[in-house]
Amino acid sequence: MVRRLPASATAGLLLAALLPLAACGGGAKDRPKADLAASKVTTIGVNAYLWRASLDTLSFMPMVQTDSNGGVIVTDWYANPNSPNERMKLTVSILDQDLRADALRVAASRQVNQGGQWVDAPVAAATVQKLEEVILTKARDLRRMAIG
């Protein structure tokens, strides 16, 4: 079970991590910028905003694997109650410590129930693209809230 922190707690943790850094160095140009893209101030191996946004976006699905160091989230099969004869399984990979569109990759599998058997079915490319857009938008929103 993945435990989620409220956005205010996440922002508070980020602020708490940045405060000790503010006292380092002599001049203003020596200080780290407040927007270290969360990658350099967290203990996970990937961009924290992309990680949090991915978990939040997929929170309705059962999780099989969450590896914050490797940046991989794998869900179990999920059937929408409105479409019980169709189910989806997702794998989200975060590939970088920077908040960039090409640092996120989503793969989806879809199956349909035919005569009591689950049969692989194609996934529309727009589905994966839309999911990536939702995660990226949420990550950018989290970043904006954290830096001010």
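Since the structure is predicted, the reported quantities are computational estimates derived from the model, not experimental observations.

Colleague: Please clarify how the overall build of the protein should be interpreted in this entry.
Modeller: What the protein contains, in helices and strands, is three helices and five strands. Looking at the protein as a whole, 29% of its 148 residues are labelled buried. For the protein, long-range pairs separated by at least 24 residues make up 47% of all intrachain contacts whose partners lie at least 6 apart in sequence. Counting every atom, the protein has about 8900 Å² of accessible surface; 53% of that belongs to carbon and sulfur.

Colleague: What is the right way to read helix 2 (residues 48-57) from this model?
Modeller: An α-helical turn contains 3.6 residues, so a residue and the one three or four places further along point in the same direction. Of all ten residues in helix 2, ten are buried, a share of seventy percent or more. Regarding helix 2, the residues found buried are Ala48, Tyr49, Leu50, Trp51, Arg52, Ala53, Ser54, Leu55, Asp56 and Thr57. Where helix 2 begins, one side-chain oxygen reaches toward the backbone nitrogen of Tyr49, 3.0 Å away; that side chain belongs to Asn47.

Colleague: What's the story with the environment of Gln117 in this structure? I'm lost.
Modeller: Tracing the backbone shows Gln117 in strand 5 (residues 117-121). Residues Gln117 and Asn85, 32 residues apart in the sequence, show an inter-C-alpha distance of 9.9 Å.

Colleague: Help me understand the pattern of salt bridges, please; the structure alone is not making it clear to me.
Modeller: Pairing between side chains of opposite charge can happen when their charged atoms approach one another. Applying the stated criterion to the full structure yields five salt bridges. The salt bridge involving Asp102 is made with Arg100; its shortest N-O contact spans 2.8 Å. For the salt bridge of Arg144 with Asp141, the shortest nitrogen-to-oxygen distance reads 2.6 Å. On the criterion of helical spacing, the pair formed by Arg144 and Asp141 is a turn pair, its members being three residues apart in helix 3 (residues 125-147). Among the ionic contacts, a cluster of salt bridges with common partners joins Asp96, Arg100 and Asp102.

Colleague: Please explain helix 3 as it appears in this structure.
Modeller: Compared with an ideal rise of 1.5 Å per residue, which puts 23 residues at 33 Å, helix 3 spans 33 Å between its outermost C-alpha atoms and is within 8% of the ideal. Those residues of helix 3 not exposed but buried are Val128, Leu131, Ile135, Leu136, Ala139 and Leu142. Packing partners of the buried residues in helix 3 comprise helix 2, strand 3 (86-94) and strand 4 (104-114). Just past helix 3, the residue Gly148 takes up positive phi, approximately 125 degrees.

Colleague: Hey, could you run me through the nonpolar core in this one?
Modeller: Looking at soluble globular proteins, one finds that nonpolar side chains tend to be buried together. In terms of nonpolar packing, the biggest core is built from 25 residues, with Leu50, Trp51, Leu58, Leu90, Val92, Val106 and Ile135 touching the most fellow members. Elements supplying a minimum of two residues to this core: helix 2, strand 3, strand 4 and helix 3.

Colleague: Sorry, what's going on with the environment of Ser54 here?
Modeller: Of note, Ser54 is situated in helix 2. Note: C-alpha distance between Ser54 and Val106 (52 residues apart in sequence) is 9.8 Å. Those residues in contact with Ser54 that sit more than four places away from it in its chain are Ile73, Val92, Ile94, Leu104 and Ile135. For Ser54, the side chain forms a polar contact with the main-chain oxygen of Leu50, separated by 2.7 Å.

Rules of the game
Residues numbered from 1 in each chain as written. Predicted model: local features only at pLDDT ≥ 70, side-chain atom pairs only at ≥ 80, totals over all residues. Heavy atoms only, no water. Helix = DSSP H or I, 4+ residues; strand = E, 2+ residues; numbered from the N terminus. Buried < 20%, exposed > 50% of the residue type's maximum accessible area, 1.4 Å probe, protein only. Contact = heavy atoms within 4.5 Å. Areas by Shrake-Rupley, 256 points an atom, 1.4 Å probe, with all protein chains shown as cover. Polar contact = N/O pair within 3.5 Å; in protein donor to acceptor, adjacent residues only side chain to side chain. Salt bridge = Lys/Arg side-chain N within 4 Å of Asp/Glu carboxyl O. Expected span 1.5 Å × (residues − 1). Core = buried A, V, L, I, M, F, W, Y, C linked by side-chain atoms within 4.5 Å.

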